[in-house]
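Topology and contacts: notes
Chain by chain, the residues run as shown.
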Amino acid sequence: MAAARAVLRRGGCCWVALSQCGGWAAAGPLCGAVAYSSVPAVSSRAGKQREASTRRTSRPSEFVKTHVPPRTERMAVDQDWASVYPTAASFKPASVPLPIRMGYPVKRGVPLPKEGNLELIKIPNFLHLTPPAIRKHCAALRDFCTEWPSALDSDQKCEQHFPIEIETVDYISAGTSIRNPKARVVTLKVKLSNLNLDDHAKKKIIKLVGERYCKDTDMLTITTDRCPLRRQNYDYGIHLLTVLYHESWKTEMWESEKTEEDMEEYIWENSCSQKNALDTLLQIKASENITNVTKEELLASEIVKNYKKSVVALKNEGETENNMSQYKESVKKLLNIQA
Amino acid sequence: DLMGVRLAGSQVGIQETKTNPLVSISDEPETLYKRLSLLVKGHDPAVLDSYEYFAVLAAKELGISIEKVHRPPKNIERFTLLKSVHIFKKHRVQYEMRTHYVCLELKHLTGSTAAVYLEYVQRNLPEGVAMEVKKTRIEAIPEHIQKPVWDTLPQVEETDIKS
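Procedures and definitions
For every chain, the first residue of its written sequence is number 1, and the numbers climb from 1 along that sequence. Written order determines the labels here, with chains lettered from A and ligands numbered from 1. Residues qualify for local features only when their pLDDT is at least 70, as the model is predicted, and side-chain atom pairs are given and counted only at 80 or more; totals for whole chains, interfaces and linings, by contrast, use all residues. Water and hydrogen atoms were dropped before computing side-chain values, which therefore reflect all heavy atoms in the structure. Each helix corresponds to a stretch of at least 4 residues labelled H or I by DSSP, and each strand to a stretch of at least 2 residues labelled E; elements are numbered beginning at the N terminus. Note on contacts: a residue pair is in contact if any heavy atoms of the two residues lie within 4.5 Å. Identification of polar contacts relies on pairs of N or O atoms within 3.5 Å, with a donor-acceptor requirement for protein atoms, meaning one able to donate a hydrogen and the other able to accept it, and with residues adjacent in sequence counted only if both atoms are side-chain atoms. When DSSP locates at least two bridges between a pair of strands, those strands are taken to pair. The buried area of a pairing is the accessible area, by a 1.4 Å probe, that goes missing from both parts when the two are put together, added over both. Each reported salt bridge corresponds to a side-chain nitrogen of Lys or Arg within 4 Å of a carboxyl oxygen of Asp or Glu. Polar here means any residue outside two lists: the nonpolar Ala, Val, Leu, Ile, Met, Phe, Trp, Tyr, Cys and Pro, and the charged Asp, Glu, Lys and Arg; Gly therefore counts as polar. Values of pLDDT, which run from 0 to 100, indicate the predictor's confidence residue by residue. UniProt positions are given in the numbering used here, feature names are shortened, and annotations may be inferred rather than shown by experiment. Exposure is judged per residue with a 1.4 Å probe applied to protein chains only, and the accessible area is read against the type maximum: over 50% gives exposed, under 20% gives buried, and values in between give partly exposed.

**Considering the environment of Ser248 of chain A**
Residue and element names in this part refer to chain A. Mapped onto the elements of the fold, Ser248 is located in helix α9 (residues 230-249). Taking the C-alpha atoms as reference points, Ser248 and Pro124, separated by 124 residues in sequence, lie 56 Å from one another. Setting aside anything within four residues of it in sequence, one finds Ser248 in contact with Leu197, His200, Ala201, Lys204 and Ile205. Side-chain polar atoms of Ser248 contact the backbone oxygen of Tyr245, separated by 2.7 Å.

What follows is the structure, given as structure tokens:
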């Protein structure tokens, strides 16, 4: 019987001969002495139990699947693996010539072998995506790719020629539906320095836009999701940008009523600081009995210009050591204090 | 058996010829993607590792520059339920769901390259793994924003655009 089995292993499938052998199931050459609890140790069984075990493993003897040697035995080491697993397929233990084990082991045992191992079948495998297979796929796909224009190699050049950035998100997941309602959101980002705006237009667009403008990065961000489709949201975003741009160039009648509180930065002309300084100087001149000193002359003088510079710096940039010392000097000069 | 294996190989391994008849060139200008950010989410970190290797190799082979590949920290959602169907409030059972992330950031892709790469990578997305693709497209300023329209049309004082 052992001799017959040896013949079978070498030659291939001889189903009839094996059925005449009866009994012993050739459980494959890989199944050595494995210590897991499902298969009983055959050597220690008495006659009746032996029959039972063999009946279980080789039942029915006409279906001799277990006697066909697996494909792995006929695989050469340098075979084309991409033809064994060309597409994503579940793990087939008879087609994968690797001695893989997976599962939680019994005490003082090893994980279960690959034959009939459900854990190996459940987990997604990447047997169809070996590096040579990936290279083959990419070689075929390279014809459909285009090159990035070499003139746009840095971020600054990209921004210079293509200032508008549009962010869209696609979602892929397994489920009953491929649609995701978050996919219709479109975000437009532009730097205001790239748009053709003059001073008034820039201030007006910042006021119109409110929170969507970031002063540090000079970036205007418009997020649209009020339309059901992504293309509609994109069109709406562009429409908003167009409207903002053109509206900011218009000067309405009520804009002349802009008060000091609305100003973004401090302007010295026509401010109370200028009025007070001029009044003080005029009073000083009057007390010294020098008349016919006009406001324009005072404004054009060095002292007043210094004072103006220091006040503007203080208000716009905040209080720094430099600014404070400059202000001190200019006030001293203005009021002729030598202290 | 060897014959069977060879036949299967030849069906799969057909390579495109030099003058590829499937490639069609159109006149419209390419869309340019400044950045493509792929966030892959899954429950099994081993699967995500393999997928990351595959995506990185595919990007390298197709000539796409990879900016950064990083793994954001995992997110564990835990909840506690009663163990029994009825009463036994003191005996509970706890479940958790772990979501691991892998983020792949690619830069400077054209529209065709992005379409090819994304289709390849998404077709081979394993079961049980989700993906979010954030595309940052760059565009030139459209013509109607180049100059204010009030210069060219002095008569039209009010705009017709009512949003």
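Next comes the rest of the description.
**Observations regarding the pairing of strand β2 (residues 186-191) of chain A**
Two strands pair when backbone bridges link them, and strand β1 (residues 164-172) of chain A and β2 of chain A are joined in this way by four bridges, in the antiparallel orientation. Residue pairing across strands places Thr168 of chain A opposite Val186 of chain A, the latter belonging to β2 of chain A.

**What about the environment of Lys207 of chain A?**
All names here are of chain A. Inspection of the secondary structure assignment puts Lys207 in helix α8 (residues 199-209). Distance in space between the C-alpha atoms of Lys207 and Asp262 is 9.5 Å, their sequence separation being 55 residues. Those residues in contact with Lys207 that lie beyond four places of it in its chain are Lys258, Asp262 and Glu264.

**What about the interface of chain B and chain A?**
With 62 residues of chain B in contact, the opposing surface of chain A contributes 58 residues. In this assembly, chain B packs against chain A so that about 5600 Å² is buried in total across both faces, 65% of it on carbon and sulfur atoms. A per-residue breakdown of the area chain B buries against chain A is headed by Glu61, His108 and Ile145 of chain B, which together make up 11% of the total. Here chain B and chain A share four salt bridges between them. Between Asp170 of chain A and Lys135 of chain B there is a salt bridge; the shortest N-O distance is 3.0 Å. Summed over the shared surface of chain B and chain A, the number is 18 residue pairs in polar contact (both at pLDDT 80 or more). Of all the secondary structure elements, the ones that give two or more residues to the side of chain B that touches chain A are α1 (2-12), β1 (32-42), α2 (45-61), β4 (92-110), α3 (111-123), β5 (130-139) and α4 (149-152) of chain B. Per-element accounting of the side of chain B that touches chain A gives the leading share, 10 residues, to β5 of chain B. Here the residues of the side of chain B that touches chain A are counted per class, giving 32 nonpolar, 16 polar and 14 charged. As judged from the nine bridges shared by β1 of chain A and β5 of chain B, these two strands associate in the antiparallel manner. Looking at β5 of chain B, one finds that Asp170 of chain A is bridged to Val133 of chain B.

**A word on the confidence of the model for chain A**
Looking at chain A as a whole, the pLDDT averages 78, with 78% of positions reaching at least 70. The low-confidence segment residues 1-42 of chain A (pLDDT under 50) makes 32 contacts with residues lying over four places distant or belonging to another chain.

**Topic: the UniProt feature "domain: Small ribosomal subunit protein uS10" (unreviewed entry) in chain B**
Sites flagged by UniProt as "domain: Small ribosomal subunit protein uS10" (unreviewed entry) map to residues 37-134 of chain B. Between the end C-alpha atoms of residues 37-134 of chain B the distance is 5 Å, and the span holds 31% helix and 45% strand.

**What about the pattern of salt bridges?**
Residue and element names in this part refer to chain B. Tallying each qualifying case throughout the model produces 23 salt bridges over all chains. A salt bridge links Arg78 to Glu96, with the shortest nitrogen-to-oxygen separation between them at 2.8 Å. On the criterion of sequence distance, the pair formed by Arg78 in strand β3 (residues 75-82) and Glu96 in strand β4 is long-range, its members being 18 residues apart. On the accessibility criterion, Glu96 (34% relative accessible area) is partly exposed. Put simply, Glu119 and Arg123 hold a salt bridge, and the shortest N to O gap is 3.0 Å. With a gap of four residues between them, Glu119 and Arg123 both fall in helix α3, about one helical turn apart. With a relative accessible area of 44%, Glu119 lands in the partly exposed category.

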